Amino acid sequence: MKKIYKDNYNPENIYQDELYKQIKKKSLDNFIKSYKISNPLVDYVDIEKEYKKQAQRLEELEMERFIYEKRVNGIYRTRTIKAGNQLEVDIYPSFQFATDVPKEKKNKGTSKSQKICNDNRSRRQFVNLINENFGKGDLWISLTYTDENLPSDWKKAKRNVENYVRRIKRMRKKLGLPEQFKFAYTTEYDIEESTKIGKKQTRTHHHFFCTGDMDRDLLEEMWKLGNRNDSQRLHPDVKTHLTGVALYTSKDPKGAKHWSGSRNLKKPKVTKSYSKFKKRTVEKMVKQYDEVKEQLEKKYPGYEFIDAKVMFNKYNQGNYIYARMVKKNEAAVRKKQVFRN
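Quick notes on the rules
Residues numbered from 1 in each chain as written. Predicted model: local features only at pLDDT ≥ 70, side-chain atom pairs only at ≥ 80, totals over all residues. Heavy atoms only, no water. Helix = DSSP H or I, 4+ residues; strand = E, 2+ residues; numbered from the N terminus. Phe/Tyr/Trp six-rings, centres within 6.5 Å; stacked < 30°, edge-to-face > 60°. Buried < 20%, exposed > 50% of the residue type's maximum accessible area, 1.4 Å probe, protein only. Axes fitted to C-alpha atoms, helices over the stretch in contact; angles between N-to-C directions. Parallel < 35°, antiparallel > 145°, perpendicular 65-115°, else oblique. Contact = heavy atoms within 4.5 Å. Nonpolar A, V, L, I, M, F, W, Y, C, P; charged D, E, K, R; others polar. Pairing = 2+ DSSP bridges. Patch = residues over 30% accessible without salt bridge, like charges linked within 9 Å, V, L, I, M, F, W, Y side chains within 5 Å. Areas by Shrake-Rupley, 256 points an atom, 1.4 Å probe, with all protein chains shown as cover. Salt bridge = Lys/Arg side-chain N within 4 Å of Asp/Glu carboxyl O. Lys, Arg positive; Asp, Glu negative; His and termini not counted. Charge placed at Lys NZ, Arg CZ, Asp CG, Glu CD.

### What to know about unusual backbone geometry
Here's step 1: One non-glycine residue, H241, lies in the positive phi region at around 55°.
Here's step 2: Relative to the helices and strands, H241 is located in the loop between β6 (230-233) and α6 (243-249).

Quick look at the structure:
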């Protein structure tokens, strides 16, 4: 017996042609109404660009409505994070309620697995902040402690960095440099067993990123708690920008790690979409790795594919794709286009 769906809408084919016809008509009507265009062919406006915006916006609203009304299932959501010239793409299954997750595979993660998940999420946030706010010529400084100046806990270590930043700001004012000063840092400490006193102690150090308009030697001298400090100018990688150094400085230590930054750090741009990739396209991407590159570069023509990781979640039976892309060199793109013409 054929199953009849609400409004004769089959959720197994949510991207059918009729839906696109509906979206096209509504989006064009909304576009003309919004811009008060009497004759779209005569009035000066980028019709194609604005129409695409209206169509995408309407399609997102339609997808959200279908999910809310439980008229579709198994839909995939795409999240992008733009940080500097880097683009991260996450494709994952979307469930409206926790009860929508397949019950036979539903299971709560252990505290250990949850910790790993939280650490990875925090690490990605830090990497994206570094890529968004720092570049060539900015500074990376390793701040160390002598034995007598080792902080007793993380809070004390944080206060030490805050005092260091205050000294830098006072010096900047004295030198007549701009007040706007960006910085971000990680605090790392290892738990060590002391053979002398027979108890655990901490070995703390900081990785400090900052605006590169000050003298390196001066910044090292202003840190009064250690004598093995090291600073260097940042040299971004052509493809991965500062991802490498950011990952290194946020690597998982034996003890714990914390990161922080100035309030004026620019946040990476995050977007979410229900309509970027269809379910059957995602399934094809999962089966064929080359398809991941092809589909991503098709959807994001201004970016070049770097790598991707494809995963299967045994608890919710969903496919997950994480990919990295880099913005194409605009000068090279223009040169290539001129050559073709």
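Now that the structure has been shown, the text picks up again.
### A closer look at the packing of aromatic side chains
Geometry of an aromatic ring pair is reported as the spacing of the ring centres plus the angle between the planes.
Here's step 1: Across all of its chains, the model carries 13 aromatic pairs by this definition.
Here's step 2: Their ring planes at 20° and their centres at 6.4 Å tell us that Y185 and F208 sit as a pair that is stacked. Remark: F208 occurs in strand β5 (residues 200-210) and Y185 occurs in strand β4 (residues 183-193); sequence separation between them is 23 residues.
Here's step 3: Classification of Y185 by relative accessible area gives buried; the value is 4%.
Here's step 4: Residue classification places F208 among the buried positions, given a relative accessible area of 0%.
Here's step 5: Three or more aromatic residues joined by ring pairs form one cluster here, namely Y145, Y164, F181, F183, Y185, F208 and W223.

### Here we look at the packing of helix α7 (residues 279-287) against helix α8 (residues 289-299)
Here's step 1: At their nearest, the axes of α7 and α8 sit 5 Å apart, and the two run at 130° to each other. By the angle class used here, α7 and α8 are oblique. Within the contact between the two elements, α7 uses T281, K284, M285 and K287 and α8 uses Y289, E291, V292 and Q295.
Here's step 2: Taken together, the residues of the contact of α7 with α8 break down into three nonpolar, two polar and three charged.

### Quick look at the pairing of strand β1 (residues 76-83)
Here's step 1: Burial analysis of β1 places six of its eight residues in the buried class, which makes it a mostly covered element.
Here's step 2: Across eight bridges, the pairing between β1 and strand β2 (residues 86-93) is antiparallel. In the sheet register, T80 faces β2, and the bridge partner there is V89.
Here's step 3: Sheet topology places β1 next to strand β8 (residues 269-273); five bridges connect them, and they run antiparallel. Bridged to T80 within β8 is T271.

### A few points about a positive patch on the surface
Here's step 1: Together, R166, K169, R170 and R263 line one region of the surface with positive charge.
Here's step 2: Structurally, R170 is set in helix α4 (residues 154-175).
Here's step 3: Note on R170: relative accessible area 55%, which makes it exposed.

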